[in-house]
Amino acid sequence: MPDVIVIGGGVAGLLAARQLAHLGNAVVVVEERDALGGFVARSTVAGVDLDSGAESFATRKGTVASLVTELGLGADIVAPNPAGAWVQWDGGAAPLPAAGVLGIPGVPLADDVRRIIGWGGALRAYLDRLMPLVRVRAETDLGDIVRRRMGRLVLERLVTPVVAGVHSADPSVVDVHTVAPGLTQAMTTQGSLSGAVMALREMAPAGSQVQGIAGGMHRLIEALEADCRYYGVEFRTGARVTAVSRRDKLRPGSAERLDAEISGARGQWIVEVEPVAGSVTGPDAAENFDARAVVVATGFRPALELLAQAGVEPGALAGEWPAPASVTVATLVIDDARLDARPRGTGVLVAPGTPGVTAKALTHSSAKWAWLGDSLPAGRHVVRLSYGRRGPDASAAAGRSAGAASGAEEALVPDLATVVRDASALLGIPLSEADVAGFATTAWADSLAFATVGHKARARQVLAAVDDVDGLDVVGAWASGTGLAATVEQTRLTASGLAAELRGAPRLRPE
Ligand SMILES: Cc1cc2nc3c(=O)[nH]c(=O)nc-3n(C[C@H](O)[C@H](O)[C@H](O)COP(=O)(O)OP(=O)(O)OC[C@H]3O[C@@H](n4cnc5c(N)ncnc54)[C@H](O)[C@@H]3O)c2cc1C
């Protein structure tokens, strides 16, 4: 009997499994896809191994870097090209201003700000310095704060493209406390939004805010899996957990209860696993596990269902959860030596309403990551574009749409012609389909915009209710806040708490 069943083999599930196995527990990870890693994934395009999901991590607190180092990849941690990205709007393109937070300029009259919003926009933004800040309301709407203090042009041309690119959401729905912790507090001490931006920048350590791994972030998954296997973790891929139940909650005399009794089950959890139709690695038959504890490490939608089955108080799960968002990553490997000049630095963020462009962002990956650029033949480049959810930013001309997995909203999947057209418009160089050496798209369904207003409170409510159920835990980006840094931090704390509980030791709960 395994001690713990981990449901979901993304970063959170793998890390929880690793930590529990290190502490002597027998662990089985169940993952419905054929590949482990979830949103951290490898895709091989024109013979080059690339990330088709996450490609970097926030350096905050050194959380991810220390995990990467523990796994023996510390020497391969790299910083991106400091050249930075550009922004493109209806009328031009220019490098993002140097002194900013989420696109909010710290120096509204600086040359690099005026280049994007003109004198009119810059003077309006400068009003922020002159307008008295009577009080900071207990507000959460980043878009509203920016518009009121600095005006429409700052919002539309600077902040919206950055927030859409980083958080897949519009500034009007993101929670300022989640995406820019400390910003509103700094406004009260500095008396203005731009002053608060400068104060936050001074507090942040010098250097890049993100790092990557030479060879790609997917190496993290390979290293986690190898370490898990070394410590005896078992995997079931191509297998979906369809039901989780507590033995003591099974009706006396029911078939499930009798099954459990006949099989001599000792654990308090019964986890039902079924092969996923069409999977390559899936088991031949359904399998039931008996376990002492269950860790739910899936995305939020399956997690809510599994937690309900596991007996979590239904009221805690009932919040107003937003519709699932989808994002598609399109990768081009292209031979065009004009790109050697890195015409748009590390990439381009797109302001809404930019004509002729469907993508919401472009990363010139081989310019951003030296390890990648150096590995390619002369004149070859890797460009990655992301496409938002079907909605106002997705024009009908963009291509076919593919039904995304798990019944979530359909992802917009652009065709090659659309991607080449977008890349040409964003890089300022007419590219040709004839020069494309490789093309791939990956549609990510259910990649919820975790930074939205109210999300933190809903997730906290769920976690508090999960605390009331012995031997049950939740890890993952939807519970911790999006991104690898937050996911790794929350998973480590949760897994060590569960390991203590399984040893019979008192469990310390983080605040
Ligand atoms: C395109 C994209 C780019 C990103 N870029 C970055 C970045 O550069 N930096 C950064 O920090 N973050 C980035 N992120 C976010 C980051 O990747 C995620 O926050 C993180 O990987 C989430 O990990 P997770 O383990 O919580 O969830 P997931 O990766 O979603 O893993 C959950 C797993 O559970 C499995 N599962 C679901 N239901 C079941 C079931 N019933 N039975 C079995 N298995 C199940 C799923 O198949 C999945 O593999 C990006 C996300 C996307 C989509």
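Starting from 1, residues in each chain are numbered consecutively following that chain's sequence as written. Thresholds applied to this predicted model are a pLDDT of at least 70 for local features of residues and 80 or more for the giving and counting of side-chain atom pairs; totals over whole chains, interfaces and linings are not thresholded and use all residues.

We now examine the overall build of the protein. A helix here means a DSSP run of H or I that spans at least four residues, while a strand means a run of E at least two residues long, and both kinds are numbered starting from the N terminus. On a plain count of helices and strands, the protein comes out with 18 helices and 24 strands. Evaluated residue by residue, the protein yields a buried proportion of 49% over its 511 residues. Pairs at least 24 apart in sequence give 70% of the contacts found in the protein among residues at least 6 apart. Neighbour counting defines burial: a residue surrounded by 20 or more other C-beta atoms within 10 Å of its own C-beta is buried, one with 12 or fewer is exposed, and intermediate counts give partly exposed, using backbone-placed C-beta atoms. Distance between backbone-placed C-beta atoms decides contact: two residues are in contact if it is within 7 Å.

Should DSSP find at least two bridges between two strands, the strands are taken to pair. The strand order across the open sheet formed by five strands is 12-2-1-16-24, and the pairing between neighbours is parallel. The strands lining the two open edges of the sheet, one partner per strand, are strand 12 (234-237) and strand 24 (472-474). Strand-to-strand twist in this sheet, taken as the mean axis angle between neighbours without regard to direction, amounts to 15 degrees. Only the stretch in contact is used when a helix axis is fitted, and all axes are lines through C-alpha atoms; the angle between N-to-C directions ranges over 0 to 180 degrees. Contacting strand 1 (4-7), strand 16 (293-296) and strand 24, helix 11 (residues 300-309) runs over the sheet at an angle of about 155 degrees to strand 16.

Throughout this description, the term nonpolar core refers to a group of buried Ala, Val, Leu, Ile, Met, Phe, Trp, Tyr and Cys residues whose C-beta atoms join them within 7 Å. Core analysis: the biggest nonpolar cluster contains 145 residues, and Val-294 and Val-295 have the highest contact counts within it. Aside from chain neighbours lying at most four places away, what touches Val-294 is Ile-5, Ile-7, Val-244, Trp-269, Val-271, Ala-310, Gly-471 and Leu-472.

Bringing the site of the ligand into the picture now. Residues in close proximity to the ligand total 36 residues, the closest being Gly-8, Gly-10, Gly-38, Ala-54 and Gly-476. Listed by contribution, the elements that provide at least two residues to the shell around the ligand are helix 1 (11-22), strand 2 (27-31), strand 5 (57-58), strand 13 (239-246), strand 17 (327-335) and helix 18 (484-503). Tallying contributions element by element places helix 1 first for the shell around the ligand, with three residues. For the shell around the ligand, the class distribution of residues is 17 nonpolar, 14 polar and five charged. The rule is simple: place the C-beta atom from the backbone, and if it lies within 6 Å of a molecule or strand, the residue is near it. All residues other than Ala, Val, Leu, Ile, Met, Phe, Trp, Tyr, Cys, Pro, Asp, Glu, Lys and Arg, Gly among them, are scored as polar; the first ten of these are nonpolar and the last four charged.

A few words now on the environment of Gly-347. Within the secondary structure layout, Gly-347 lies in strand 18 (residues 347-350). Of the residues examined, Gly-347 has 25 C-beta atoms within 10 Å and is grouped as buried. As a C-alpha pair, Gly-347 and Thr-363 span 16 residues in sequence and 4.2 Å in three-dimensional space. Aside from chain neighbours lying at most four places away, what touches Gly-347 is Ala-85, Ala-361, Leu-362, Thr-363, His-364 and Lys-368.

All right, on to helix 5 (residues 152-167) then. For helix 5, the principal kink sits at Val-159 and spans about 40 degrees; a proline, Pro-161, occurs within the next four residues. Burial analysis of helix 5 places 14 of its 16 residues in the buried class, which makes it a mostly covered element. Looking one or two places after helix 5, you find Ser-168, whose phi comes out positive at around 50 degrees. Note on bend: the value at a residue is the angle between axes fitted to the seven residues ending there and to the seven starting there.

The next point concerns the pairing of strand 11 (residues 210-213). For strand 5 and strand 11, the ladder comprises two bridges, and the chain directions are antiparallel. The partner of Ala-58 across the bridge, within strand 11, is Val-210. Where strand 6 (residues 77-78) meets strand 11, two bridges bridge the pair, whose relative direction is antiparallel. When the bridges of strand 11 are listed, Ile-77 appears paired with Ile-213.

Ordered by their spatial adjacency, seven strands build an open sheet running 8-7-18-19-20-17-23, and the pairing between neighbours is mixed. This sheet does not close on itself; its edge strands, each paired only once, are strand 8 (92-95) and strand 23 (436-444). In this sheet, adjacent strand axes meet at a mean angle of 20 degrees when their direction is disregarded. As defined by bridge partners, strand 18 adjoins strand 19 (residues 361-363) across three bridges and the pair is classed as antiparallel. Pairing of Val-348 across the sheet is with Leu-362, part of strand 19.

Okay, the confidence of the model for the protein next. Scored from 0 to 100, pLDDT records how confident the predictor is in each individual residue. Mean pLDDT for the protein: 89, with 89% of residues reaching 70 or above. Per-residue pLDDT stays below 50 along residues 390-409; that stretch engages in 49 contacts with residues further than four places along the chain or on separate chains.

What describes two packed helices is the angle between their axes and the distance between those same axes. Across the interface, helix 2 (residues 63-70) lies against helix 18 with an axial gap of 8 Å and an inter-helix angle of 70 degrees. For the element pair helix 2 / helix 18, the angle class is roughly perpendicular. Between helix 2 and helix 18 lies a crossing whose hand is left-handed. In this structure, helix 2 uses Thr-63, Val-64 and Leu-67 to contact helix 18, whose residues at the interface are Leu-484, Ala-485, Val-488 and Glu-489. Class assignment for the residues of the contact of helix 2 with helix 18 results in five nonpolar, one polar and one charged. In these notes the angle categories are as follows: under 35 degrees is roughly parallel, over 145 is roughly antiparallel, 65 to 115 is roughly perpendicular, and the rest is oblique. The handedness criterion is simple: a crossing whose near helix is rotated anticlockwise from the far helix by less than a right angle is left-handed, and one whose near helix is rotated clockwise is right-handed.

Another point: the packing of helix 1 against helix 18. At a minimum axis distance of 9 Å, the contact between helix 1 and helix 18 shows a crossing angle of 35 degrees. Remark: the crossing between helix 1 and helix 18 carries right-handed chirality. Judged by residue contacts, Val-11, Ala-12, Leu-15, Ala-16, Gln-19 and Leu-20 of helix 1 engage Leu-484, Thr-487, Val-488, Thr-491, Arg-492, Thr-494, Ala-495, Ser-496, Leu-498 and Ala-499 from helix 18. Looking at the contact of helix 1 with helix 18, its residues break down into 10 nonpolar, five polar and one charged.

This paragraph deals with helix 15 (residues 416-427). In an α-helix there are 3.6 residues to a turn, and that puts residues three or four apart on one side. Here the expected length of a helix is defined as 1.5 Å per residue gap, with one fewer gap than residues. With 12 residues, helix 15 should reach 16 Å at 1.5 Å per residue; the first-to-last C-alpha distance of 16 Å fits that figure. Counted residue by residue, helix 15 has nine buried out of 12 residues, so it is predominantly covered. Along helix 15, the positions that sit buried rather than exposed are Thr-418, Val-419, Val-420, Arg-421, Asp-422, Ala-423, Ala-425, Leu-426 and Leu-427. Considering only its buried residues, helix 15 is in contact with strand 7 (86-89), strand 17, strand 18, strand 19, strand 20 (380-387) and strand 23. In the segment just after helix 15, Gly-428 is the residue with positive phi, at about 75 degrees.

This part takes up unusual backbone geometry. Residues other than glycine seldom take positive phi values, yet Lys-61 does so here, at roughly 60 degrees. Within the element layout of this structure, Lys-61 appears in the loop between strand 5 and helix 2.

Judged by which residues are buried, strand 1 turns out to be covered on both faces: Val-4 and Val-6 on one side and Ile-5 and Ile-7 on the other are all buried. Note that strand 1 and strand 2 share four bridges and pair parallel. Paired with Ile-7 across the two strands is Val-30, which belongs to strand 2. Handedness of the crossover joining strand 1 and strand 2 through helix 1 is recorded here as right-handed. For a crossover, the right-handed case is the one in which the path from the first strand over the helix to the second runs clockwise, viewed with the strands pointing away from the viewer.

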